[in-house]
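Residues per chain are reported as follows:
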Amino acid sequence: MDVRFTTQDLAEWGSAALVFVSGAMTGHCAAAGMTPVQMAGAAAAILGSVAAAVAVRVWPGRVGAEAEE
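Residues numbered from 1 in each chain as written. Predicted model: local features only at pLDDT ≥ 70, side-chain atom pairs only at ≥ 80, totals over all residues. Heavy atoms only, no water.

**As for the overall build of the protein**
What the protein contains, in helices and strands, is three helices and zero strands. When the elements of the protein are put in sequence order from the N terminus, they spell out α-α-α. A burial count over the protein gives 9% of its 69 residues as buried. About 5,600 Å² of surface is accessible on the protein, with carbon and sulfur atoms providing 70% of the total. (Helix = DSSP H or I, 4+ residues; strand = E, 2+ residues; numbered from the N terminus. Buried < 20%, exposed > 50% of the residue type's maximum accessible area, 1.4 Å probe, protein only. Areas by Shrake-Rupley, 256 points an atom, 1.4 Å probe, with all protein chains shown as cover.)

**Let's talk about a nonpolar patch on the surface**
A surface patch of nonpolar side chains, about 470 Å² in accessible area, is lined by M1, V3 and F5. With respect to the helices, strands and loops of the structure, V3 is situated in the segment before α1 (7-32). (Patch = residues over 30% accessible without salt bridge, like charges linked within 9 Å, V, L, I, M, F, W, Y side chains within 5 Å. Salt bridge = Lys/Arg side-chain N within 4 Å of Asp/Glu carboxyl O.)

**Considerations on the confidence of the model for the protein**
Segments scoring low in pLDDT should not have their predicted coordinates read at a detailed level. The pLDDT averaged across the protein works out to 88; a share of 90% of its residues lies at or above 70. Mean pLDDT values over the elements of the protein span from 56, in helix α3 (residues 65-68), up to 95, in helix α2 (residues 36-58). (pLDDT = per-residue confidence, 0-100.)

**Examining the environment of I46**
Relative to the helices and strands, I46 is located in helix α2. Under the relative-accessibility criterion, I46 is labelled partly exposed at 25%. With 21 residues separating them in the primary sequence, I46 and M25 have C-alpha atoms 9.8 Å apart. Setting aside residues no more than four positions away along its own chain, I46 makes contact with S22, G23 and T26. (Contact = heavy atoms within 4.5 Å.)

**Things to note about the packing of α1 against α2**
At a minimum axis separation of 9 Å, α1 and α2 run at an interaxial angle of 165°. By the angle between their directions, the pair α1 and α2 is classed as roughly antiparallel. Both α1 and α2 take part in a crossing whose hand is left-handed. Facing Q8, A11, E12, S15, A16, L18, V19, S22, G23, T26 and A30 of α1, the residues of α2 in contact are M39, A42, A45, I46, S49, V50, A53, V56 and R57. (Axes fitted to C-alpha atoms, helices over the stretch in contact; angles between N-to-C directions. Parallel < 35°, antiparallel > 145°, perpendicular 65-115°, else oblique. Left-handed = near helix turned anticlockwise from the far one by under 90°.)

Shown next, in the form of structure tokens:
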């Protein structure tokens, strides 16, 4: 079985893991008790990780001679 992982695969899985971890940490800390300011910061972190995951998936791939390398 020949399995090849590209840098795009790594970026997609890494960004998905970032979303999962930031959401899990926010949920855990919220259950332990957070102030409203901390909740706003945690929400911003989650939105940032989701934005990074979306950017990784919609960013155009390399084309032409660069893609042949």
